[in-house]
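What follows is each chain in one-letter form.
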Amino acid sequence: VLPSWDPLCCMVGNPTAGADAQVCSLSYNLQATGTSTGSWTSVPAGASFSNPASPNATVTVPAPGGLYSFVWTDGPMPPCQAIDTVKIRFTQQPVANAGNGSSVCSYQSLLNAVPSVGTGLWTVSPATGVTITNPASAATSVSVSGDGQYMFTWTENNGNGCTSSDQVTLGFYEQPVSFAGID
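The model shown is predicted, which means the values in this text are computed figures rather than measured ones.

Visitor: Would you mind going over the overall build of the chain with me for this structure?
Guide: Within the chain, the regular secondary structure consists of zero helices and 14 strands. Seen in sequence order, the chain has helices and strands lined up from the N terminus as β-β-β-β-β-β-β-β-β-β-β-β-β-β. Looking at the chain as a whole, 33% of its 183 residues are labelled buried. Long-range pairs, those at least 24 residues apart, make up 57% of the contacts in the chain between residues at least 6 apart in sequence. Here the chain displays about 10,700 Å² of accessible surface, and carbon together with sulfur accounts for 55% of that area.

So, in structure tokens, the structure goes:
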């Protein structure tokens, strides 16, 4: 048996809460469409909305690393409501720090990145004649075949599509040997 028509109940369309996503931050701009009046809720609880009644609210979660479901409920009251859910995974953005540049009177030096989130990898330009002992280690030794300046790039990846890079320039020069002559 169908319920009788309620004149106080509006016609509710088919709301769309938006596309599922993964973001490298603690905030996301929600994008519900096909709505009249509605509100956002989160599962799990703990997220805050810039305006829970706005289909384009900005949501902020307390910590990275979680999958949240955001439910857009369209319509004034049951049974005149329709809902849709969007799932957003919040991951921590790496912040690469390659360390400080310097010049050395040697063809060997140390790279000392400050790791943040995920895994890292060293690359170098120019790469000819350069050996990085362990490119996946934040602290590793490097050797070059001749004088020059080299740009080393430390790139971090959190494993969820979020990356960050930082560069450091090291100068390598042959150690001079002084000889004043024979007494």
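Continuing now.
Visitor: Looking at this structure, how should I read the sheet that holds strand β4 (residues 48–49)?
Guide: Strand pairing within a sheet occurs via backbone hydrogen bonds; the two strands may be parallel or antiparallel. Spatially, the three strands line up as an open sheet ordered β2-β5-β4, and their pairing is antiparallel. The sheet is open, and its two edges are formed by β2 (27–29) and β4, each paired on a single side.

Visitor: What is the right way to read the packing of aromatic side chains from this model?
Guide: We describe a pair of aromatic rings using the distance from one ring centre to the other and the angle between the two ring planes. Scanning all chains against the criterion turns up seven aromatic pairs. Between the aromatic rings of W40 and W72, the centroid separation amounts to 4.9 Å while the plane-to-plane angle is 50 degrees, which identifies the pairing as tilted. With W40 in strand β3 (residues 38–43) and W72 in strand β6 (residues 66–74), this residue pair connects regions lying 32 residues apart in the sequence. By the burial criterion, W40 is buried, and W72 matches it. Ring plane angle 85 degrees and centroid distance 6.0 Å describe the contact between F49 and F70, whose orientation is recorded as edge-to-face. One end of the pair, F49, is in strand β4; the other, F70, is in strand β6, and 21 residues separate them in sequence. What makes F49 buried here is its relative accessible area of 18%. Through a chain of ring-to-ring contacts, three or more aromatic side chains come together here, namely F49, Y68, F70 and F90.

Visitor: Which parts of the structure should I look at to understand the sheet that holds strand β11 (residues 130–132)?
Guide: Strand order in the open sheet formed by three strands is β9-β12-β11, with antiparallel pairing between adjacent strands. Each end of this open sheet is capped by a strand with a single partner; those strands are β9 (108–112) and β11. In this sheet, adjacent strand axes meet at a mean angle of 25 degrees when their direction is disregarded. As paired elements, β11 and strand β12 (residues 139–144) share three bridges and run antiparallel to each other. By the bridge assignment for β12, V130 is matched with V144.

About the criteria used
- The numbering scheme is per chain: residues are counted from 1 as the chain's sequence reads.
- For this predicted model, a pLDDT threshold of at least 70 governs which residues receive local features, and a threshold of 80 or more governs which side-chain atom pairs are given and counted, while totals over whole chains, interfaces and linings are taken from all residues.
- Derived side-chain values reflect all non-hydrogen atoms in the structure, with water molecules and hydrogen atoms excluded from consideration.
- Helix and strand labels come from DSSP, where a helix needs a run of H or I of at least four residues and a strand needs a run of E of at least two; each type is numbered from the N terminus.
- Three exposure classes are used, based on accessible area relative to the maximum for each residue type with a 1.4 Å probe and protein chains only: buried under 20%, partly exposed in between, and exposed over 50%.
- Any two residues whose heavy atoms approach within 4.5 Å at even a single point are treated as in contact.
- The method behind every accessible area is Shrake-Rupley, applied with a 1.4 Å probe, and residues are considered shielded solely by the protein chains displayed.
- A strand pair is defined by DSSP finding two or more bridges across the two strands.
- Only rings of Phe, Tyr and Trp enter the pairing, Trp through its six-membered ring, and a pair is recorded when the two centres are within 6.5 Å. The plane angle decides the type: under 30 degrees is stacked, over 60 is edge-to-face, the rest tilted.
- Helix axes are fitted to C-alpha atoms over the stretch in contact, other axes to C-alpha atoms as well, and angles between N-to-C directions run from 0 to 180 degrees.

Don't take any of this as a statement about function, it's just geometry.
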